[in-house]
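Descriptive analysis of the structure
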Amino acid sequence: MPMSLNPQPTKIPYLSHTLTHLHTHTHNTPRIFHFHFRFLINDPLRPQLCHLSNPMEILLQPCPNFTPNSLKLGVDNQFAFRSISFAKQRSCNVKLKALNRSSQDGSSSVKKEKNNVLLGAENKDESASVVAFQLAPQSGDTKVSNSPDDDISNDKEAIVDDDLADKRPTKVTYNIVFATSEASPYSKTGGLGDVCGSLPIALAARGHRVMVVTPRYLTGGPSDKKFAGAVDLDCRVKVSCSGGVHEVAFFHEYRAGVDWVFVDHPSFHRPGNPYGDTYGAFGDNQFRFTLLSHAACEAPLVLPLGGFTYGEKCLFLANDWHTGLVPVLLAAKYRPYGVYKDARSIVVIHNLAHQGVEPASTYSNFGLPAEWYGALGWVFPTWARTHALDTGEAVNVLKGAIVTADRILTVSQGYSWEITTPEGGNGLDELLGSRKIVLNGITNGIDVNEWSPSLDEHIPSHYSLDDLSGKIECKIALQRELGLPVRPDCPLIGFIGRLDYQKGIDIILSGTPELLQDDVQFIMLGSGEKQYEDWMRATEATFKDKFRGWVGFNVPISHRITAGCDILLMPSRFEPCGLNQLYAMRYGTVPVVHGTGGLGDTVKTFNPFANEGKGEGTGWAFKPLTRECMLDALRVAIETYRKHKGSWEGLMKRGMERDYSWDNAAVQYEQIFKWAFIDPPYVS
């Protein structure tokens, strides 16, 4: 089992010893050993200890099973010899070398009672007292084992402070490297930026060492100020790809416990978003993100962040196709030469629809050995080829990541299943199905400070689970701001998102005229395809008292719509996770969604008869995705809002009670990290 051990001198006030220097050891054969060692117990005149200044030292370093704050034996306040018998177990042990303190006259009286004793894996009774330690003799190379401890009975008792159980580490920590094309607040176009801007902070808060590697996008506009806190590390790396050698630089900012590393290259300096501008996607995206992937692999080896590098034993999280080359590079470029042999990689799929597919002739641009073409090689099915002579041969970066990564993650459990089906696999369903054993899904979290109805600076009135009165005030203010008739009792429906086929805008378009025949109001916020933007303007002109369409995107307005609406509509064709339904439930707005991917995972259909009539569920998830099913679900929601106020309040409160924090998601990620290190890494 892998672990990160950060040696720190540890001071024990009840022993006249300074503890430093950890050795771990694993034994395979049970043995019994006896030893004697001398302690100075509760001496009121004992001198204060200081790190490494005491000539009489016990060599000890923190271990996952034993990090003492204070320790004392159950004996009188005097020097005493104790002979204790210990049963050896297979566990994480600590090697001790015990020496007593100097005599009163300053001379050093050293008496070895037993050298090279191994101590660790203590057992405790119900009062948190240590009832036994395990010991074993010294032997060759040290290894680590985290096998569960067996019970040990012993007549002699050692006691550990009550705070020990709460303060000592109880889990393995990792050196984690996020490779991503965007990370909020530095760059963001969607959910990927949110994940890579928040999850690293949550993991760092749980004790992991975390680095995020992302481009330093400079557009020549106000957004460049976001990188003002990053300093040039004066480290240059040469990358061989695209027929030449290209130099990249690294900038660094330490914020919220995370090392934010920005890869700098002229190709990242241009107007637009990370992937394109008003004329479409950039033509050199393959080159730009190949540079990013190479730089992400080099950063842990060459950047002395905090005084020392992350080293080779890292866990890489490659997010989407943009950094999909990272697992391939680890297997093809580094491991054949003994580098990163203990590293692991996880590919996180945020949207399988984007795979980084380019013509097969561009394979040489990746800087990979020729024999690794098979990992990325891809052939389009006949029906997808452009003409009769088209062979369909291409390279697919995300496919290469799926083949070579140690684990595969999606951003919801439902989506992890959908991508193994022909309907949701985008041509990779068979490959993903063959790797089901390492495929998992974890629902994204949200920033619970930014999205909090009791703290939100963008809404006119705050409210909470205990006092919902402010939500009505937000609704009235929203109706007034957008020029709708102020009607607190009228069901107000909202939509926030891109205006494109994936989000089911065509279903909304076909169903809205019939929906607006009812006594409701409907607000839409978003931008996208021109035909849908024009439709929003025309619908607003036709239904002046019932419909408002805001073309574009505005963060404060999105918060006010989330807080002011009664119902949020999300008829997405596919949704890897979805965040708007999580925001809505946190604000007491009831979601009506197509039950796909993360929407189906997070929104449970209301059942008024469950829990002895108290009801259960947080909204409505309808299937299949048709105009009729969407309208039926909306009608049920509207009827519940109008006629069953108690049930509606229950829906609101159950949604607001849920834990949407990134810390909850981080716990689940840690389990995947543990699994990633169980099997050997991908080699060939």
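Residues numbered from 1 in each chain as written. Predicted model: local features only at pLDDT ≥ 70, side-chain atom pairs only at ≥ 80, totals over all residues. Heavy atoms only, no water.

Brief notes about the overall build of the protein
Within the protein, the secondary structure is distributed over 17 helices and 30 strands. Across the 684 residues in the protein, those meeting the buried criterion constitute 53%. In the protein, the share of contacts with a sequence separation of at least 24, taken over all contacts with a separation of at least 6, comes to 74%. Counting only carbon and sulfur atoms, one obtains 51% of the accessible surface of the protein, whose full area is about 29,800 Å². (Helix = DSSP H or I, 4+ residues; strand = E, 2+ residues; numbered from the N terminus. Buried < 20%, exposed > 50% of the residue type's maximum accessible area, 1.4 Å probe, protein only. Contact = heavy atoms within 4.5 Å. Areas by Shrake-Rupley, 256 points an atom, 1.4 Å probe, with all protein chains shown as cover.)

Some remarks on the sheet that holds strand E30 (residues 620-622)
With respect to topology, six strands assemble into an open sheet ordered E27-E26-E25-E28-E29-E30, the strand pairing being parallel. Strands with a single pairing partner mark the edges of an open sheet, and in this sheet they are strand E27 (547-551) and E30. Mean inter-strand twist for the sheet, computed between neighbouring axes without regard to direction, equals 15°. Two strands pair when backbone bridges link them, and strand E29 (residues 590-594) and E30 are joined in this way by three bridges, in the parallel orientation. Of the residues in E30, the one forming a bridge with Val 592 is Trp 620. Sheet strands touched by helix H16 (residues 645-657): strand E28 (567-570), E29 and E30. Its angle to E29, the strand with the most contacts, is close to 80°. (Pairing = 2+ DSSP bridges. Axes fitted to C-alpha atoms, helices over the stretch in contact; angles between N-to-C directions.)

Observations regarding the pairing of E28
Residues Ile 567 and Leu 569 of E28 are buried on one face, and the alternating residues Leu 568 and Met 570, pointing to the opposite face, are buried as well. Inspection of the sheet shows strand E25 (residues 492-496) paired to E28 by two bridges, in the parallel sense. Of the residues in E28, the one forming a bridge with Ile 493 is Ile 567. Strand direction decides the pairing type here: E28 and E29, joined by four bridges, are parallel. From the neighbouring strand, Leu 569 faces E29, where its bridge partner is Val 592. Each parallel crossover has a hand, and the one from E28 via helix H13 (residues 580-586) to E29 is right-handed. (Right-handed = clockwise from strand over helix to strand, strands pointing away.)

Considerations on the packing of helix H15 (residues 627-643) against H16
Between H15 and H16, whose axes approach to 6 Å, the crossing angle comes to 115°. In this view, H15 runs roughly perpendicular relative to H16, as classed from their interaxial angle. Contacts between H15 and H16 involve Ala 637, Thr 640, Tyr 641, Arg 642 and Lys 643 on the former and, on the latter, Lys 645, Ser 647, Trp 648 and Leu 651. Taken together, the residues of the contact of H15 with H16 sort by class into four nonpolar, two polar and three charged. (Parallel < 35°, antiparallel > 145°, perpendicular 65-115°, else oblique. Nonpolar A, V, L, I, M, F, W, Y, C, P; charged D, E, K, R; others polar.)

Here we look at the packing of aromatic side chains
Per the stated rule, a full pass over the model turns up 23 aromatic pairs. Judged by centre distance (3.8 Å) and plane angle (5°), the rings of Trp 451 and Tyr 583 are stacked. Linking Trp 451 in the loop between strand E24 (439-441) and helix H9 (469-482) with Tyr 583 in helix H13, this pair joins segments that are 132 residues apart in sequence. Accessibility assignment for this pair places Trp 451 and Tyr 583 in one class, buried. Taken together, the ring pairs in this structure connect Tyr 174, Tyr 669, Phe 673 and Phe 677 into an aromatic cluster. Between Lys 645 and the ring centre of Tyr 641, over which it is positioned, the NZ or CZ distance is 3.9 Å. (Phe/Tyr/Trp six-rings, centres within 6.5 Å; stacked < 30°, edge-to-face > 60°. Lys NZ or Arg CZ within 6 Å of the ring centre and 35° of its normal.)

So, the pairing of strand E23 (residues 407-410)
Side chains Arg 407 and Leu 409 project from E23 onto one buried face, and the interleaved Ile 408 and Thr 410 project onto a second face that is buried too. Relative to E24, E23 runs parallel, the two being bridged by three bridges. Paired with Thr 410 across the bridge in E24 is Gly 441.

Comments concerning the sheet that holds strand E18 (residues 315-319)
Here nine strands make up an open sheet; going across it, the order is E13-E14-E15-E12-E11-E18-E19-E23-E24 and the pairing mixed. The sheet is open, and its two borders are formed by strand E13 (231-241) and E24, each paired with just one other strand. Mean inter-strand twist for the sheet, computed between neighbouring axes without regard to direction, equals 25°. Two strands pair when backbone bridges link them, and E13 and strand E14 (residues 244-255) are joined in this way by eight bridges, in the antiparallel orientation. Paired with Asp 232 across the two strands is Phe 251, which belongs to E14. Along the sheet, helix H3 (residues 285-302) makes contact with strand E11 (175-179), strand E12 (209-215), E13, E14, strand E15 (258-264) and E18, crossing E13 at roughly 120°.

Topic: the confidence of the model for the protein
In the predicted model, the protein carries a mean pLDDT of 80, and the fraction of residues at 70 or more is 75%. Low pLDDT (under 50) marks residues 1-170, which in the prediction has 350 contacts with non-local residues, meaning those over four places away or in another chain. (pLDDT = per-residue confidence, 0-100.)

What about the pattern of salt bridges?
Applying the stated criterion to the full structure yields 22 salt bridges. Among the salt bridges present, the one from Asp 506 reaches Arg 573, with a minimum N-O distance of 2.8 Å. Of this pair, Asp 506 sits in helix H10 (residues 505-515) while Arg 573 sits in the loop between E28 and H13, placing them 67 residues apart in sequence. You can call Asp 506 partly exposed: its relative accessible area is 23%. Given the relative accessible area of 24%, Arg 573 is considered partly exposed. (Salt bridge = Lys/Arg side-chain N within 4 Å of Asp/Glu carboxyl O.)

Things to note about helix H6 (residues 397-404)
Each α-helix winds once per 3.6 residues, and so residues spaced three or four apart point in a common direction. Of all eight residues that make up H6, eight are buried, and the element is covered over most of its length. Residues Val 397, Leu 398, Lys 399, Gly 400, Ala 401, Ile 402, Val 403 and Thr 404 constitute the buried set of H6. For H6, the side-chain oxygen to backbone nitrogen distance between the N-cap and Leu 398 is 3.2 Å, and the N-cap itself is Asn 396. (Polar contact = N/O pair within 3.5 Å; in protein donor to acceptor, adjacent residues only side chain to side chain.)

A closer look at the packing of helix H2 (residues 191-205) against helix H17 (residues 662-676)
Contact pair H2 / H17: the axes reach a minimum separation of 9 Å and the direction vectors enclose 80°. The angle between H2 and H17 places the two elements in the roughly perpendicular class. Along the contact surface, H2 presents Asp 194, Val 195, Ser 198, Leu 199, Ala 202 and Leu 203, while H17 presents Trp 662, Asp 663, Ala 666, Tyr 669, Glu 670 and Phe 673. Grouping the amino acids of the contact of H2 with H17 by side-chain chemistry returns eight nonpolar, one polar and three charged.

Structural notes on unusual backbone geometry
Residue Pro 185 follows Ser 184 across a cis peptide bond; omega there is 5°. If you trace the backbone, Pro 185 turns up in the loop between E11 and H2. Looking along the chain, the bond that leaves Lys 623 and enters Pro 624 is cis, with omega of -10°. Relative to the helices and strands, Pro 624 resides in the loop between E30 and H15. One non-glycine residue, Ser 242, lies in positive phi territory at about 50°. Mapping Ser 242 onto the fold places it in the loop between E13 and E14.

Side note on the environment of Leu 218
Structurally, Leu 218 can be placed in the loop between E12 and E13. In this structure the C-alpha to C-alpha distance between Leu 218 and Pro 274, which are 56 residues apart in sequence, comes to 9.7 Å. Here Leu 218 is in contact with Asp 224, Phe 227, Phe 268, His 269 and Arg 270, once residues within four sequence places are set aside.

Considerations on the environment of Leu 329
Among the secondary structure elements, Leu 329 is positioned in helix H4 (residues 325-334). Residues within four places of Leu 329 in sequence aside, it is in contact with Ser 293, His 294, Cys 297, Tyr 334 and Leu 368.

Digging into the side chain of His 246
Mapped onto the elements of the fold, His 246 is located in strand E14. Within the structure, His 246 has its side chain in polar contact with the backbone oxygen of Cys 241 (distance 3.1 Å). In this structure His 246 touches Val 237, Lys 238, Val 239, Cys 241, His 265, Phe 287 and Leu 291, once residues within four positions along its chain are discounted.

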